[in-house]
Amino acid sequence: MKVRTIEYYIREVFISLRRNNWMSVASIGTVAVSLFIFGMFLMMVMNMNKLAENMESQVQINVYLLDKVDREQARDIEKDLKEIEGVESVGFVTKDEAMERFKDRLGDQKTLLDALDETNPLPDSFEVTVTNPDLVKTAAEKMEKLDGVECAKYGQDVMEHLFEITRLLRIFGFTLMLVLAFATLFIISNTIRLTVFARRKEIAIMKYVGATDWFIRWPFVMEGMVLGLFGSIIAAMVLRTAYTAMAEKVYDTLAFFPLIPEQPFLTYITIVVVISGMVVGAIGSAVSIKKFLKV
Amino acid sequence: MKVRTIEYYIREVFISLRRNNWMSVASIGTVAVSLFIFGMFLMMVMNMNKLAENMESQVQINVYLLDKVDREQARDIEKDLKEIEGVESVGFVTKDEAMERFKDRLGDQKTLLDALDETNPLPDSFEVTVTNPDLVKTAAEKMEKLDGVECAKYGQDVMEHLFEITRLLRIFGFTLMLVLAFATLFIISNTIRLTVFARRKEIAIMKYVGATDWFIRWPFVMEGMVLGLFGSIIAAMVLRTAYTAMAEKVYDTLAFFPLIPEQPFLTYITIVVVISGMVVGAIGSAVSIKKFLKV
Amino acid sequence: MGLKLMIHMKNVTKVYENGAVALNNINVDIRKGEFVFLVGSSGAGKSTFIKMLFREVLPTSGILTVNGRDVIRMANKEVPYLRRSLGVIFQDYRLLPEKTVYENISFAMQVIEAPRRLMQRSVNSVLDIVGLRDKYKCFPHQLSGGEQQRVAIARAIVNNPSIVIADEPTGNLDPETSWGIMDIFQRINAAGTTIVMATHDKTIVDAMQRRVIAIEDGQIVRDEAQGGYGYES
Amino acid sequence: MGLKLMIHMKNVTKVYENGAVALNNINVDIRKGEFVFLVGSSGAGKSTFIKMLFREVLPTSGILTVNGRDVIRMANKEVPYLRRSLGVIFQDYRLLPEKTVYENISFAMQVIEAPRRLMQRSVNSVLDIVGLRDKYKCFPHQLSGGEQQRVAIARAIVNNPSIVIADEPTGNLDPETSWGIMDIFQRINAAGTTIVMATHDKTIVDAMQRRVIAIEDGQIVRDEAQGGYGYES
Ligand SMILES: Nc1ncnc2c1ncn2[C@@H]1O[C@H](COP(=O)(O)OP(=O)(O)OP(=O)(O)O)[C@@H](O)[C@H]1O
Ligand SMILES: Nc1ncnc2c1ncn2[C@@H]1O[C@H](COP(=O)(O)OP(=O)(O)OP(=O)(O)O)[C@@H](O)[C@H]1O
Ligand SMILES: [Mg+2]
Ligand SMILES: [Mg+2]
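Residues numbered from 1 in each chain as written. Chains lettered and ligands numbered in written order. Predicted model: local features only at pLDDT ≥ 70, side-chain atom pairs only at ≥ 80, totals over all residues. Heavy atoms only, no water.

S.K.: Can you help me understand the coordination of the magnesium ion (ligand 4) in this one?
M.R.: In an ideal octahedron of six donors the angles at the metal are 90 or 180 degrees, and in an ideal tetrahedron of four donors they are 109.5 degrees. Residues and elements named next belong to chain D. Around the magnesium ion (ligand 4), the protein contributes the donor atoms S47 (OG) and Q91 (OE1), at 1.8 to 2.2 Å from the metal centre. Here Q91 lies in the loop between β6 (86–89) and α3 (101–110) and S47 lies in helix α1 (residues 46–53), a separation of 44 residues in the sequence. For the pair shown, S47 and Q91 are each scored as buried. (Donors = N, O, S within 2.8 Å, 3.2 Å for Na, K, Ca; no water. Helix = DSSP H or I, 4+ residues; strand = E, 2+ residues; numbered from the N terminus. Buried < 20%, exposed > 50% of the residue type's maximum accessible area, 1.4 Å probe, protein only.)

Now the structure itself:
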């Protein structure tokens, strides 16, 4: 392939975008809109996933100590706990702290505890977080076997409930993403196919004049790529602006919500969107043109 | 307009769908896919909304009675409560029931209550639900003024938190729907525009032979409508199947989730999808053809 | 010549958007029943002349009336009715690619909401006239160049228009078939139809001895009541 | 006649998908440097004959070689190279609608990756030959019928093909311009190019006295080394 010809291809792409400007605008618009939708849900699903992770990571094991255990022994137990597989962090909670928290939880009904006078029946305990929810059960069993530990509780039913939810959230998110990816692919390649279809006569004429398939195909593929590029840049820009605006709103009003921080998330999304746009555009063109080359 | 001509229009639509079958399939596909996405999110948003409503409706005011109030008086208070603006339902909770629930809530720590021996310091109470969350505050104030009522509590901070979330959920859902509606509109009309564009020469020829604008436009508009109809029927069918399958899964594993029941929800969704498909198809055609009629 | 004025052009000039002057100050009157040949070399302005008559192209200046209608100041929604009174044979045929021969011709009758019975009869009769009865089911791309041209001719005459406007109607026809077409034109002309025909066919023009308008570089250089093609070649 | 065989047809038959028999058992040999007129009435099969030469249409049966290549058994990827050795003027022009006159002609040279300098020179020179130098910037829809036809002619000859295949190349040209084109054909023919031309133009065929192949109803009815158009009309 001569430099001359490559130069010709490139010039060809831009001339064609300009002369078929009506169709170019239509397909850039469609690419932009469908990638925007795709990107929006990619962001949503990723945030949902983050939320699920966050919820899971909050699962903790409470390790209650026997009354007779003193601070010295407690430190030893802490060391042992840290050596158990999957344990991420270990925090000590004195019986007084436990009582405070209990009172907070009771709220209205804390007057009930007045009946206890000054005695505190709660034990000292450790709060242990575990890296992987699957390890919770075995870890808790190991903990109960340690000297000085009365019991290790981890809210079995709540946790299972939670896992069920996050699992569904993940399956749903993944299905959604798959469906949307196909839909986007379908819509973009369909649009490009229609623009190629509108130019099928031109393609035939080129062949009759002696052009090889690749000579005809290259400018089309590059044009598809450029259409995809322009469309996806528009989509990416809108997505970035929208996410930033939304993030601000969420920080203001729902500070506890674990939103994925803008950077490097947005960069990542931009790359995904722009690359999908270009690839789908190029492949869409290449595939659509095929049937019209058979003359 | 003669019957002959109407007959001609109808025949024309089906001949054209068949002869331009390649383009027909492309646009029916695009309509189906984009309406499917739209319908999927319509369903999602409506369910989210239901969830929000459900959460809000669970906001309740606990009206605690003075110890001295007997059952007779309690019945009077119940009547008074029901007359307060915005009150939806009133349920009586005896002090024993309250203790049972309290024990359940404490879970692990219920041994604490052993210290109370057999005394029950909890009062009788009413659980009052309110139709509109905005009315909660004033209703609670009125309740506290009633004879025999010690206090009326409604978890102010939790509720405000919840409202914030449901409000955001609603805004987000509404924005999503708006964005998706525009996107669907844009994609479908763009696709139809491309198919009309591919036939612009035909339109010009018809005009040169003396056809009026409406004579040319009718078959196109009807064709757009039929394309939209076919596409939307496919979308609706897939949506119905998917929702039923999903509902089954949710009932199995997340029984507490307040999913909207399939009927009449799916009928409603089907109607919305099919009508939008037809309307967008018809209007898309009518608008796209306009510029090519100017010869 | 007290007959009705079918086409009236006064100081008509056409300059295309790119600056090309296609017609320059044309004055022509054509009366009912005339048979006019429009001759001139390639690019002289014949097609532009013809396209103005059915308002594909609007004159840049001047006065143009066709069949009593002011083509320039006509409302948009009147244009279809002007076109229905004309039978136009386009230089590039302009057949509907997705319609069969039969449908292409009957389309011109659908447009005027003709009764179905009449339609079938008329279409079959013009198909006979142009010799394409057995090709009625073909699509344009399944026809030879000359066959397509004959479909265009059939479509133009099927409605018995008051003026037939033909742009190079025999360009892709062999001499024999061309003469067949000219016979048809002479017959419908004898029945009162005005005919305006742009052509390059010297043999036909010379043999027919009808009115000849010669255009060169956008101007009328000759207008003879009974002329020949001109210039020996 | 020891010259190279450029076109060889043996028992070639073409039946279209709808059952139309366009050519029936054709046997023709055309040698380097010949100038052949293909005549016959509308729908006789001339365009089908010509379309087979550059493989737009594949024969249903028979043997066909063009320029030494077996057109029927040729691999798909060889087709462009067959077409590049031919200069084809299509009956329906087939200009690229979104390209200017200059681009349409230079496209045929882009395809063979000709150096830019040569391309500019060649395109300008053929534009001069067909008399369209000042229209080089126009798009096809801005040209008259004859001008479009001349662009098609220019594109066909710009690469100095070894065979020029012309389907009705003067159908939309006035006699004077037609003779100009014939002069060009005679010049390139004298330089060794083989020319096959389907035409309805009796005057030209009669005047040139070259080989004439007459087709009727898909069969060769006459093949004369120095013939005329035949049949008086
Ligand atoms: N694609 C096709 N499908 C079916 N029939 C066809 C097709 N192309 C041509 N024909 C038929 O084959 C016959 C020969 O056509 P061809 O185009 O070769 O004629 P021609 O000699 O070039 O005529 P003309 O002088 O009118 O151009 C005609 O009867 C035509 O209707
Ligand atoms: N749409 C257009 N835009 C610009 N210039 C045009 C347009 N149509 C025609 N022309 C130019 O106007 C002049 C007259 O064109 P016209 O088509 O009327 O010629 P013609 O006499 O019909 O020629 P032919 O015999 O070749 O068909 C030509 O020079 C042509 O290039
Ligand atoms: Mg013309
Ligand atoms: Mg032909």
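S.K.: How should the sheet that holds strand β3 (residues 35–39) of chain D be read in this particular structure?
M.R.: Pairing between the strands of a sheet comes from backbone hydrogen bonds, and it takes one of two forms, parallel or antiparallel. Residue and element names in this part refer to chain D. The six strands are arranged β6-β7-β8-β3-β9-β10 in an open sheet whose pairing can be described as mixed. The outermost strands of the open sheet, each flanked by one partner alone, are β6 and β10 (219–224). On average, each strand axis in the sheet is inclined to that of its neighbour by 15 degrees, with strand direction left out of account. For strand β7 (residues 163–167) and strand β8 (residues 194–198), the ladder comprises five bridges, and the chain directions are parallel. Across the sheet, residue I165 finds its bridge partner in β8, namely V196. Across the face of the sheet, helix α5 (residues 145–157) comes into contact with β6 and β7 while running at roughly 175 degrees to β6. (Pairing = 2+ DSSP bridges. Axes fitted to C-alpha atoms, helices over the stretch in contact; angles between N-to-C directions. Contact = heavy atoms within 4.5 Å.)

S.K.: Can you help me understand the packing of aromatic side chains in this one?
M.R.: Here a ring pair, both rings aromatic, is described through the centre-centre distance and the interplanar angle of the planes. Going through the model one piece at a time under the given rule, you end up with 30 aromatic pairs over all chains. The interplanar angle of 55 degrees and the centroid separation of 5.1 Å between the aromatic rings of Y243(B) and F265(B) together place this pair among those described as tilted. Of this pair, Y243(B) sits in helix α8 (residues 213–253) while F265(B) sits in helix α9 (residues 262–290), placing them 22 residues apart in sequence. The burial state of Y243(B) is the same as that of F265(B); both residues are buried. Grouped by ring-pair contacts, the aromatic residues Y8(A), Y9(A), F215(A) and F107(D) constitute a single cluster. Note that R200(A) overlies the ring of F197(A), its terminal NZ or CZ placed 4.1 Å from the centroid. (Phe/Tyr/Trp six-rings, centres within 6.5 Å; stacked < 30°, edge-to-face > 60°. Lys NZ or Arg CZ within 6 Å of the ring centre and 35° of its normal.)

S.K.: It is not clear to me how the nonpolar core should be interpreted in this structure. Could you clarify?
M.R.: Nonpolar side chains tend to gather and get buried jointly when the protein is soluble and globular. Core analysis: the biggest nonpolar cluster contains 206 residues, and F41(A), F41(B), F37(C), F185(C), F37(D) and F185(D) have the highest contact counts within it. Here F37(D) is in contact with M182(D), M197(D), T199(D), I204(D), V205(D), M208(D), R210(D), R211(D), V212(D) and I213(D), once residues within four sequence places are set aside. (Core = buried A, V, L, I, M, F, W, Y, C linked by side-chain atoms within 4.5 Å.)

S.K.: Got a minute to help me understand the arrangement of the chains in this structure?
M.R.: Across the four pairs of chains in contact, the largest number of contacts is found between chains A and B. Separated without contact, chain A and chain C have their nearest C-alpha atoms at a distance of 12 Å. Of all C-alpha pairs spanning chain B and chain D, none lies closer than 12 Å, and the two are not in contact.

S.K.: In this structure, what is going on with the sheet that holds strand β9 (residues 211–216) of chain C? I would like to understand it.
M.R.: Residues and elements named next belong to chain C. One open sheet holds the six strands; their spatial order is β6-β7-β8-β3-β9-β10, and the pairing between them is mixed. Since the sheet does not close on itself, it has two edges, and those belong to β6 (86–89) and β10 (219–224), each with one partner. Neighbour to neighbour, the strand axes of the sheet diverge by 15 degrees on average, direction disregarded. For strand β3 (residues 35–39) and strand β8 (residues 194–198), the ladder comprises four bridges, and the chain directions are parallel.

S.K.: Help me understand the interface of chain A and chain D in this model?
M.R.: It is common to report an interface's size as the accessible area lost on association of the parts. Between chain A and chain D, the residue contacts involve 22 residues of the former and 26 residues of the latter. Taking both sides of the interface into account, the surface hidden between chain A and chain D amounts to around 2300 Å²; carbon and sulfur atoms contribute 56%. Contact with chain D buries area across many residues of chain A, yet R4(A), R19(A) and Y208(A) alone supply 32% of it, more than any other trio. Taken together, chain A and chain D are joined by three salt bridges. Of the charged contacts, one joins R19(A) and E103(D) as a salt bridge, the two residues approaching to 2.7 Å between their closest N and O atoms. At the junction of chain A and chain D, the tally comes to eight residue pairs in polar contact (both at pLDDT 80 or more). Residue assignment for the side of chain A that touches chain D shows that the elements contributing at least two residues are α1 (3–19) and α7 (200–208) of chain A. With eight residues, α1(A) is the single largest residue contributor to the side of chain A that touches chain D. Along the lines of polarity and charge, the residues of the side of chain A that touches chain D split into 10 nonpolar, four polar and eight charged. (Buried area = accessible area lost by both parts, 1.4 Å probe. Salt bridge = Lys/Arg side-chain N within 4 Å of Asp/Glu carboxyl O. Polar contact = N/O pair within 3.5 Å; in protein donor to acceptor, adjacent residues only side chain to side chain. Nonpolar A, V, L, I, M, F, W, Y, C, P; charged D, E, K, R; others polar.)

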